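# Reading the structure
Below, each chain spelled out in residue letters.
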Amino acid sequence: MNAPDQAPREAVIRMYAAREDIYPREIKGRYASLRWACVWLTQLLFYGLPWIQMHGRQAVLFDLASRKFYLFGLVLWPQDFIYLAALLIICAYGLFLVTAVAGRVWCGFACPQTVYTEIFLWIERRFEGARSARIRLDRQPWTLGKIARKGGKHAAWGLVALWTGFTFVGYFTPVRELSFDIASFGLGPWETFWVLFYGFATYGNAGWMREQVCKYMCPYARFQSAMFDKDTLIVTYDAARGEPRSARQGAPGSGDCIDCSMCVQVCPTGIDIRKGLQYECIGCAACVDACNGVMDKVNRPRGLIRYATENALAAGLSLAQVRRRLLRPRVLIYSAVLAILGAAMASSLALRNPLKLDVIRDRGSMGREVDDGMIENVYRLQVMNTLEQPQRLRITVEGIASAQVVDGDLIDIDAATTRAVPVRVRIPGGEGKPGSNRIAFTLASDQSAALRVTEEAAFIIPK
Amino acid sequence: MADFFNEFWHWYVAVITVLSILGCGILLWSQSSYRVKLRADGTPEQTTGHVWDEDLTELNTPMPRWWIVLFWLTIVFGFGYLALYPGLGSYAGRLGWHSTGEYQAELKQARLDFGPVFAKYAGQDLKVVAADPQAHAIGERLFLNYCAQCHGSDARGSKGFPNLQDRDWLHGGEPAAIKQTILHGRVGNMPPMGAALGTDKDIESVAHYVRSLSGLTADPIKVSFGKPKFAACAACHGAEGKGNPALGAPNLADKTWLYGGSAETVMETIRKGRTNTMPAFGEFLGEEKVHVLAAYVWSLSNAPAQQPIVTAQAK
């Protein structure tokens, strides 16, 4: 009754799609080993760093409550916030450089999302088995065995996640006290909240969200293409060599791809690399490992899927030619900016003055006349000692020849504190000009010539 | 004052807020499905139909469902928040939260935190408190915050504001008297004496006599004329001009001058009088803080030799 030309011309499609489950197959190979090395390196660093002690305190501690950041021998104060900005800029440029050269290697090997997903996948395999077993388990109805496997997996995930949350909070509140507090159930409400929050974030992101974070939440996936060019190394499928693919190996006219779909099965974001460069590709090279294994088995040369550049594929460049194209303007500029920023930050940190001084002239009184016709001004010296040792500092005044500090020119200041010190400066009558005179306060340590800071101020002589 | 001048604005804000949130929900719901053209083979079109730069087309890719669920949760959260906290016009919210209440709670917490520190000193004698290094550091900070504006960071005052480092006290320099001064304030009042003394000449003579009391240079003839006239001043400053702490009348026989000791300044003081006020801090700081502060102020003029510049630091 319905002729083809009378079929509905329109359809209603759902705009919100449920996530399709991805079961990445475990893979061994050069890049998988590299990724595991990165996992070990980053996690040893992350879990271990808070436990290192130095100068009788935690070596790395971001003490938000007292607004001091301890980084081994360095103590940063809110005034040093510029270094955080510089560090972020350097990180951003580092990412630009790496991306321009080798695409999303950060994503594939060092990004926390990838690293924790790798750990969580490893746990998943211990409880639920390999890819096919996991698919089968998810399809079968609930049994005691399935409950045990799934329950065990989530319990293990939960433990790792809680440990991660605890470690993270340990960077902001001393980790040793934190562990005592947990052991004695005496954890404060905010610490409890943040441990649970970061634990939950780890569990949710690495256990459930996985590639969804990379595809829909991560901004880097959206703008990394701006740093790509045709000489950027990317994970690519050599279509010229592989196509037309054929399941029957060696069929006449067929390429090297035997359409085994291993590259699709191992992909953590569930894409088919043979369709070309896609924004979902995190450059983890799991498909490279998989395809190389298959090529070995079918006695074909490796590298049907490999790290290559678009230009290399199009023109069939050799490795040496690809390397030579590395030194293109974009890469050179990124490197130069990175080197300049790095050097500027390092030298600025090295030359950082550990003493800081603010001079506030008392506004209540102008210069006043005291005994013997001397003129006196009162200042409040705001002294900051960012070092971890107490200091004894001497105040001197320059600018007017016989200006001198009255009643003691020594200040004692405790380790890592600020302190306001009222100081009177006196000059004999007749010196200087009536009105405002420039003077400069200098705070200096007798022990170390490097500990020295000078700040200008005004000395007012009444008319 | 009410949040709004009349009931209308409360409803205006509340209705707009609720309708906006509902509007977001309607938008989400209405966009959950999409009508697309069918291709020749009967399957739905995969692109939105827009083409740029000759061959760029936009894929009709669905959003992940969890993302949309988050939007719905946000709407639920929004209504929950508006029910609990103020946000809907002048509706106060079920929890009765108020910024003033939060401030009061923080204040209460601060009193709990710092109360014991001050309570420790409250029972001690002021001279004992003055000798305590921690109390000294606290006192120094209190002084820099509340007293230095008038008396100077070094407590040496300036014209019209007494020097607290010397041993000259208008109302008495005993620790208890200083505490009394800080708690309740003082009003110093020197009435204008010009009319009572007579002519400008008479005033000048009295000024010279007053200067002579503290050994400053003065014209002996004017001094001799001024001396009998000083009887009018003696009621407060005493026959010898040594002042009276009970009245706050300054000692005129020392070299300390609140407004200056030049003949012109003394004449102006006599002619026009002086009124000076030390505000009361008892209400504002509370008795326990004033206790520590008074000990610090007393120690300024009764300090052991090594103080005050080099002092211990409070942790």
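One can find the structure itself at the top, above this paragraph.
In this report, we go over the structure that sits alongside the text. Model, not experiment: these values are computed from the prediction. (Residues numbered from 1 in each chain as written. Chains lettered and ligands numbered in written order. Predicted model: local features only at pLDDT ≥ 70, side-chain atom pairs only at ≥ 80, totals over all residues. Heavy atoms only, no water.)

### Considering the packing of helix α2 (residues 81-102) of chain A against helix α16 (residues 329-350) of chain A
Residues and elements named next belong to chain A. At a closest axis distance of 9 Å, the pairing of α2 and α16 adopts a crossing angle of 155°. Compared by their axis directions, α2 and α16 come out roughly antiparallel. As α2 runs across α16, the sense of the crossing is left-handed. Every residue of α16 that contacts α2 at Tyr83, Ala86, Leu87, Ile89, Ile90, Tyr93, Gly94, Phe96, Leu97, Ala100 and Val101 is listed here: Arg330, Val331, Tyr334, Ser335, Val337, Leu338, Leu341, Gly342, Met345, Ser348 and Leu349. Across the contact of α2 with α16, the residue classes break down as 17 nonpolar, four polar and one charged. (Axes fitted to C-alpha atoms, helices over the stretch in contact; angles between N-to-C directions. Helix = DSSP H or I, 4+ residues; strand = E, 2+ residues; numbered from the N terminus. Parallel < 35°, antiparallel > 145°, perpendicular 65-115°, else oblique. Left-handed = near helix turned anticlockwise from the far one by under 90°. Contact = heavy atoms within 4.5 Å. Nonpolar A, V, L, I, M, F, W, Y, C, P; charged D, E, K, R; others polar.)

### Regarding the interface of chain B and chain A
If you look at the interface, chain B gives 35 residues, while chain A gives 35 residues. When chain B packs against chain A, close to 3400 Å² is buried across both sides, 55% of that on carbon and sulfur atoms. Seen at the junction of chain B and chain A, the total is two salt bridges. Note that Arg419 of chain A and Glu140 of chain B form a salt bridge whose closest N and O atoms lie 3.8 Å from each other. Our count for the chain B to chain A interface comes out at seven residue pairs in polar contact (both at pLDDT 80 or more). Broken down by secondary-structure element, the contributors of at least two residues to the side of chain B that touches chain A are β1 (33-37), β4 (63-64), α2 (65-84), α5 (133-146) and α6 (148-151) of chain B. Here the side of chain B that touches chain A is built from residues that sort into 15 nonpolar, twelve polar and eight charged. For strand β1 (residues 10-14) of chain A and β1 of chain B, the ladder comprises five bridges, and the chain directions are antiparallel. (Buried area = accessible area lost by both parts, 1.4 Å probe. Salt bridge = Lys/Arg side-chain N within 4 Å of Asp/Glu carboxyl O. Polar contact = N/O pair within 3.5 Å; in protein donor to acceptor, adjacent residues only side chain to side chain. Pairing = 2+ DSSP bridges.)

### Observations regarding helix α8 (residues 189-209) of chain A
Taken as a whole, α8 of chain A has its buried residues at Val195, Gly199, Thr202, Gly204, Ala206, Gly207 and Met209 of chain A. In the core, the buried residues of α8 of chain A are packed alongside α4 (112-128), α6 (144-169) and α9 (211-217) of chain A together with α2 of chain B. One or two steps after α8 of chain A, the chain reaches Arg210 of chain A, where phi turns positive at roughly 45°. (Buried < 20%, exposed > 50% of the residue type's maximum accessible area, 1.4 Å probe, protein only.)

### Side note on the packing of aromatic side chains
Tallied over the full model, the rule gives 35 aromatic pairs over all chains. Judged by centre distance (5.1 Å) and plane angle (25°), the ring pair of Tyr81 of chain B and Tyr85 of chain B falls under stacked. Given the relative accessible area of 39%, Tyr81 of chain B is considered partly exposed. Three or more aromatic residues joined by ring pairs make a cluster, and in this case those are Phe46, Tyr47, Phe62, Phe69, Phe168, Tyr171, Phe172, Trp190, Phe193, Trp194, Phe197 and Tyr198 of chain A. Directly above the aromatic system of Tyr259 of chain B lies the positively charged group of Arg274 of chain B, at a separation of 4.1 Å from the ring centroid. (Phe/Tyr/Trp six-rings, centres within 6.5 Å; stacked < 30°, edge-to-face > 60°. Lys NZ or Arg CZ within 6 Å of the ring centre and 35° of its normal.)

### Examining the pairing of strand β5 (residues 60-63) of chain A
Within a regular strand, the side chains alternate between the two sheet faces. Residue and element names in this part refer to chain A. Summarising the sheet, β5 and strand β6 (residues 68-71) pair through four bridges and their orientation is antiparallel. Residue pairing across strands places Phe62 opposite Phe69, the latter belonging to β6. What sits between the antiparallel neighbours β5 and β6 is a turn of four residues, in which Arg67 has the positive phi angle 55°.

### Brief notes about the sheet that holds strand β17 (residues 435-445) of chain A
Residue and element names in this part refer to chain A. As summarised here, the arrangement of the four strands in space is β15-β13-β17-β18, forming an open sheet in which the pairing is antiparallel. The open sheet terminates on both sides in strands that have one partner only, identified here as β15 (410-413) and β18 (452-461). Pairs of neighbouring strands in the sheet enclose a mean axial angle of 30°, with direction left out of account. With ten bridges connecting them, β17 and β18 associate as antiparallel partners. The residue of β18 that forms the bridge with Ala440 is Glu456.

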